[in-house]
Each structure stands twice: as structure tokens, then as C-alpha cells.
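For reference, the chains in residue letters:
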Amino acid sequence: MRIIALACLLCLASLSEAAQMPLSVLPNGAVVYKPIQSIRERKFADLVQQKTDFSCGAAALATILRQAYWLDVNEEQIIEGMLAHADQDIVRVQGFSMLDMKRYVESLGMRARGYRVTTDTLNSIRIPVVVLMDIRGYKHFVVMQKVDKGFVYIGDPVLGHKRYKTEDFIKGWNGIIFAIIGQGYDKSNALLDPPQPLTAKNRVNGFTPLQDAELMDFGFIQSDFF
């Protein structure tokens, strides 16, 4: 029995250390570990991964509400909330729409606005927003995190963190952004600083929190920051 118990303890220990990498051994025999992150974990860091074929909108909303507003919501809760205000027959065939998302956001006491944005002003988007992309004929909601130096950084509920050249992004985008507005917005939220590609070298982090005045252009009001 002792051998079996010892084996169980060793298995549990190995599981707990699965995300730790030994770096060095100290003179007293202690081992120094460093936390590590798998490629998959890094791929979906700070993102909600969708679990059904039609829930990309719910997962994108959950990502923004959790990261930018620190709301404890998940994909399932948002699906249930949107179904309460949507035509379920249409949802089964076409999935959720921006109108369904708008109604859900407003049910939380927040505001939601859709903006048509020209390609020339795409760089002016300074908050994470939901956008609809056409990816090889498949309509798909994703989170547009930021636009920087000719690239659009996307949080995809299926593929994880992606970045597209601006011209490639524009080809599949319908020109509309869906912005969530309300109290408690975290101006330094993680979505504004997405991970760079693993091949990036000499990364220079130019991330800085937004000023209140910059957010006014997206429908925020002064009371949202108190």
C-alpha cells in the first residue's frame, strides 16, 4: 500500500509541476523552477475560446467583458442571455447577430454602439471591439485588439491570437466595429497588448494606457471612469 500511495503522490507532484521548468539546483539541493506556458496556452491567453459552432459572438463578448470590464461572465451565460432576447429559430440557422449582442449588453446596464469605420481611420481605434470577418465564406465574430504598424491584431475565439496585414484584414472585414461602453472600463486591459508572434525579435513594447479624452470618441462619458 505504501508503494501505491507513494506512486500516487509522485503522479500528483508531476502534474502540479507540469507548467514548471527546472532552471538550476541551489547549494542546499533545492531546485529553482520557472513557470512556463505552452504554445496553446499562449495562443489563447486572455481570450475566451468558443465551444460551439455558433457561439463566436458570445465568446468575443465574454473576452471583452472579462478583460476590459472584469465581469465574471462566461460563454454559456452570454448565450443564455442573448437567447432570451433573440429569435431562436434564426439563431439555429444563422447564429447570433450584432443586434442580439447589443440587446444583451444593454441588459447588463451598459451601452453598445456600432460604428462604420473607413479604412483610413482604422488606426484610430483605441479600444478592443468586436468585428465580423468573412473567412473563406464563413462569417465569424472576433475581437479586434489593436492596429499597429501595418498590422491588425485579432483575438479569434477559434484560432487564438492572430495578426493580419492591414490590407489582408480589410479584405475580409465588413467595415463595422461593435464597441462596448460602460463603467469600470480598464484602460490598461490585456487585450490592448496582445502577444507578439513567437518569431518576433527585439520587441519594443510601445503600450501605454489610454487617456480619458481619447475614449470620449467612442461614446464613453466622464462618469464611466469613476
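Cut-off values and rules
- Residues numbered from 1 in each chain as written.
- Predicted model: local features only at pLDDT ≥ 70, side-chain atom pairs only at ≥ 80, totals over all residues.
- Heavy atoms only, no water.
- Helix = DSSP H or I, 4+ residues; strand = E, 2+ residues; numbered from the N terminus.
- Buried < 20%, exposed > 50% of the residue type's maximum accessible area, 1.4 Å probe, protein only.
- Contact = heavy atoms within 4.5 Å.
- Areas by Shrake-Rupley, 256 points an atom, 1.4 Å probe, with all protein chains shown as cover.
- Pairing = 2+ DSSP bridges.
- Core = buried A, V, L, I, M, F, W, Y, C linked by side-chain atoms within 4.5 Å.
- Arc of directions from axis to C-beta.
- Polar contact = N/O pair within 3.5 Å; in protein donor to acceptor, adjacent residues only side chain to side chain.
- Axes fitted to C-alpha atoms, helices over the stretch in contact; angles between N-to-C directions.
- Left-handed = near helix turned anticlockwise from the far one by under 90°.
- Salt bridge = Lys/Arg side-chain N within 4 Å of Asp/Glu carboxyl O.
- pLDDT = per-residue confidence, 0-100.

- The name recorded for the chain in an unreviewed UniProt entry is Peptidase C39, from Pseudomonas putida.

1. Some remarks on the overall build of the chain
Item 1. In terms of regular secondary structure, the chain is built from 8 helices and 8 strands.
Item 2. With 226 residues in all, the chain has 38% of them scored as buried.
Item 3. Residue pairs in contact within the chain that sit at least 24 positions apart in sequence constitute 58% of those at least 6 positions apart.
Item 4. As displayed, the chain offers around 13,400 Å² of accessible surface, 56% of which is attributable to carbon and sulfur atoms.

2. Concerning the pairing of strand 4 (residues 129-135)
Item 1. Relative to strand 5 (residues 138-148), strand 4 is paired through 7 bridges, and the arrangement is antiparallel. Counted as the bridge partner of D134 is K139 from strand 5.
Item 2. Between strand 4 and strand 5, which pair antiparallel one after the other, the connecting turn spans 2 residues, and R136 there sits at a positive phi close to 55°.
Item 3. Strand direction decides the pairing type here: strand 4 and strand 8 (residues 173-181), joined by 3 bridges, are antiparallel. By the bridge assignment for strand 8, V131 is matched with I177.

3. Thoughts on the nonpolar core
Item 1. Counting residues in each nonpolar core, the largest one holds 55 residues, and the members touching the most others are M144 and F169.
Item 2. Secondary-structure elements contributing two or more residues to this core are helix 3 (56-69), helix 4 (75-83), helix 6 (98-107), strand 4, strand 5, strand 6 (151-156) and strand 8.
Item 3. Counting residues per element, this core draws most heavily on helix 3, which supplies 10 residues.
Item 4. Apart from residues lying up to four places away in sequence, M144 is in contact with L122, I125, I127, P128, V129, V131, V152, Y153, I154, F169 and I177.

4. Things to note about helix 4
For an α-helix the count is 3.6 residues per turn, leaving residues at separations of three or four pointing the same way.
Item 1. Among all positions of helix 4, only E75, I78, I79, G81 and M82 are buried. In an axial view of helix 4, the angular spread of the buried residues amounts to 165°, which keeps them on one side of the axis.
Item 2. Turning to helix 4, the residues buried within the fold contact helix 3 and helix 6.
Item 3. One side-chain oxygen at the N-terminal end of helix 4 lies 3.2 Å from the backbone nitrogen of E76; it belongs to N74.

5. Quick look at the packing of helix 3 against helix 4
Each pair of packed helices gets described by two things: the angle between the helix axes and the distance between those axes.
Item 1. Axis separation between helix 3 and helix 4 bottoms out at 9 Å; the angle between their running directions is 115°. As for the relative orientation of helix 3 and helix 4, their crossing is right-handed in sense. On helix 4, the residues touching A58, A59, L61, A62 and L65 of helix 3 are E75, I78, I79 and M82.

6. Quick notes on the pattern of salt bridges
Item 1. Under the defined criterion, the tally for this structure stands at 6 salt bridges.
Item 2. With a closest N to O distance of 2.8 Å, D89 and R92 form a salt bridge. In this pair, D89 and R92 both sit in helix 5 (residues 88-94), 3 residues apart, roughly one turn of the helix.
Item 3. On the basis of relative accessible area, R92 is assigned to the exposed category, the value being 60%.
Item 4. Between K139 and D134 there is a salt bridge whose closest N-O contact spans 3.2 Å.
Item 5. Among the residues examined, K139 registers a relative accessible area of 53% and is labelled exposed.

7. Quick notes on the confidence of the model for the chain
Item 1. Averaged over all residues, the pLDDT of the chain equals 81, while 75% of them reach at least 70.
Item 2. Taken together, the stretch residues 1-18 has pLDDT below 50 and engages in 2 contacts with residues farther than four places along the chain or on a different chain.

8. With respect to unusual backbone geometry
Note: most residues except glycine have negative phi, and most peptide bonds are trans.
Item 1. Positive phi, normally seen in glycine, also occurs at D46, with a value near 70°.
Item 2. Checked against the element boundaries, D46 lands in the loop between helix 2 (39-43) and helix 3.
Item 3. Using a relative accessible area of 34% as the deciding quantity, one classes D46 as partly exposed.
Item 4. Even without being a glycine, W70 presents a positive backbone phi close to 55°.
Item 5. Summarising the element assignment, W70 is placed in the loop between helix 3 and helix 4.
Item 6. With a relative accessible area of 62%, W70 lands in the exposed category.

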